[in-house]
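Read off the chains here:
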Amino acid sequence: MRQHLARGRALGALGSLLTLACASLVACSSSDGDDPGSSAGASNAGASNGGSSNAAGNGNTAGSTSNTAGNAAAGAGNGSSGAASGGVANGGANAGGSSNGGASAGAGGAINGGAAGANAAGSGGAPAACATACTANSKCEAATKTCVCNPGFVSQGGMCSAVPVGDPTTHTQDDVCNHWKAGHVVTETKPLTASGAECEAGTLKPGAITDTLVRINLFRWLEGMGPVSDDPQYDADAQACANLEAWWDFTSTLSPHAPPTTSKCYTAAGGMTAGQSNISWGSGSPAQSIDQYMEDNGNDTTLGHRRWVVNPPLNPIGIGYWQTGGKYGNASCLRVFASKGTGPVPKWNAVPPAGFAPIEMAKYKQWSVEGKGMAKGVATVLRVDDNMTLAVTPQALSQGYGEDTMSFKPNGWTAEAGKTYRVTVTGVTGAPIVFDVKPVTCN
């Protein structure tokens, strides 16, 4: 699979984000698990990042990864090669969407990405006839003709309220593993309803929307972030984007985040949303693309996909997925330009998370810490079990994707389940940040 990352400056509520999923690039996520959505994607996937506000990312070819950090006109691209079979892209923002571009924005509400959320349907798919209009963070369920809260929300006093998330360091091992396993269940293996015509966008089945919300809210729960809901109009726009991007010409030097009007299956809605979305190819399902964005291989100098997924105030999102055509057989668009989430604002969050962390995340080749003033942070890692200081390679990141972020790569070691890794980040405002990562095997 393949990824692109959108860039957003600290522009208050405005920013930009776009991610292309991986199907063929070596820079993409880890190998698939037993169920079709359980992993970040095949190891032969890659990622690229698109430009910033009103910007078009440059250069996004099959088998390569690109990071673009454009300004008002076009992003400058740089790519690294990778084996081709699918991809993910983050494109530049254009005027249509709003998202948090910087550390100053607020965080989203509390979330529950686990089993409880998996039973609730998202907002997408064919409308159903409920007696009354559904409230925020809920949808009309066709089978029962009743309003049902979205994953991560529960009914309280006639409203759908976010489930308290808690500090990641307080999550028990059982909590983490239960959420991880429940969050990787794919209930809808055939997500698209469409005629099969090349340029008919179709619609996603409600189960596919639900699976994607459960997956993204799982990661946000692990990071201490509030849950997100989808917006029906954003879903429709993302669906047009996915149909358009499925046919993207990977020989083009243009950015898939700013597709020309001559592109196959181009529509105004699809073209606009391409500049406001994460985009992926070959992910296998819209839910599985979320893992790809979190691992974010191929975007070493931005980690933009990851940073947008765990951007605290993200909400709502748009979910689109189109299949049966194009070079990689499918494409996903995740519209991420909105910052209406409310709830706790962590001073910082880490990937992998502090406390118990799924081993899959602990084995990401790049670890990161986000938070205000974090850009110049420097990390050291101590393996507590034998008091050994482990080598790390600092990785400078371009800023403007979600919150300020610092990053480093394990150098000559790989995290192991059952061990404890103490991370200390200096060079930040105030006292150093110190936290333990405790990898656990959940599957």
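The preceding data block contains the structure.
Keep in mind the model is a prediction, meaning the values are calculated, not measured.

Parameters and conventions
Residues numbered from 1 in each chain as written. Predicted model: local features only at pLDDT ≥ 70, side-chain atom pairs only at ≥ 80, totals over all residues. Heavy atoms only, no water. Helix = DSSP H or I, 4+ residues; strand = E, 2+ residues; numbered from the N terminus. Buried < 20%, exposed > 50% of the residue type's maximum accessible area, 1.4 Å probe, protein only. Salt bridge = Lys/Arg side-chain N within 4 Å of Asp/Glu carboxyl O. Pairing = 2+ DSSP bridges.

Participant: Explain unusual backbone geometry to me, please; I cannot follow it from the model alone.
Facilitator: It is generally the case that most residues other than glycine have a negative phi and that most peptide bonds are trans. For the peptide bond that leads from asparagine 315 to proline 316, omega is -5 degrees, which places it in the cis range. By secondary structure assignment, the location of proline 316 is in the loop between helix H7 (304-309) and strand S12 (318-323). Residues valine 351 and proline 352 are joined by a peptide bond in cis, for which omega reads 0 degrees. Looking at where proline 352 falls in the secondary structure, it is placed in the loop between strand S14 (349-351) and strand S15 (355-358). Of note, the phi angle at aspartate 296 is positive, near 60 degrees, even though the residue is not glycine. Within the fold, aspartate 296 resides in the loop between helix H6 (288-295) and H7. On the basis of relative accessible area, aspartate 296 is assigned to the buried category, the value being 1%. Even without being a glycine, asparagine 315 presents a positive backbone phi close to 160 degrees. Note that asparagine 315 resides in the loop between H7 and S12. Taking relative accessible area as the criterion, asparagine 315 reaches 11% and is therefore assigned buried.

Participant: When you look at the pattern of salt bridges in this model, what are you seeing that I'm missing?
Facilitator: In total, this model carries seven salt bridges according to the counting rule given. The closest approach of N and O atoms between aspartate 291 and arginine 215, which form a salt bridge, is 2.4 Å. Placement of aspartate 291 in helix H6 and of arginine 215 in helix H3 (residues 206-222) is noted, with a sequence separation of 76 residues between them. Neither aspartate 291 nor arginine 215 differs from the other in exposure class; each is buried. Here lysine 365 and aspartate 300 are joined by a salt bridge, their closest N and O atoms 3.6 Å apart. Of the two residues, lysine 365 sits in the loop between helix H8 (359-362) and strand S16 (367-370) while aspartate 300 sits in the loop between H6 and H7, which places them 65 residues apart along the sequence. For lysine 365, a relative accessible area of 38% gives the class partly exposed.

Participant: How should the pairing of strand S21 (residues 421-426) be read in this particular structure?
Facilitator: Every other side chain in a regular strand lies on the same face of the sheet, so the side chains alternate between the two faces. The alternating pattern of S21 places Tyr421, Val423 and Val425 on a buried face, while none of Arg422, Thr424 and Thr426, on the opposite face, is buried. The hairpin formed by S21 and strand S22 (residues 433-440) contains six residues between the paired strands, and glycine 427 there has a positive phi angle of roughly 85 degrees.

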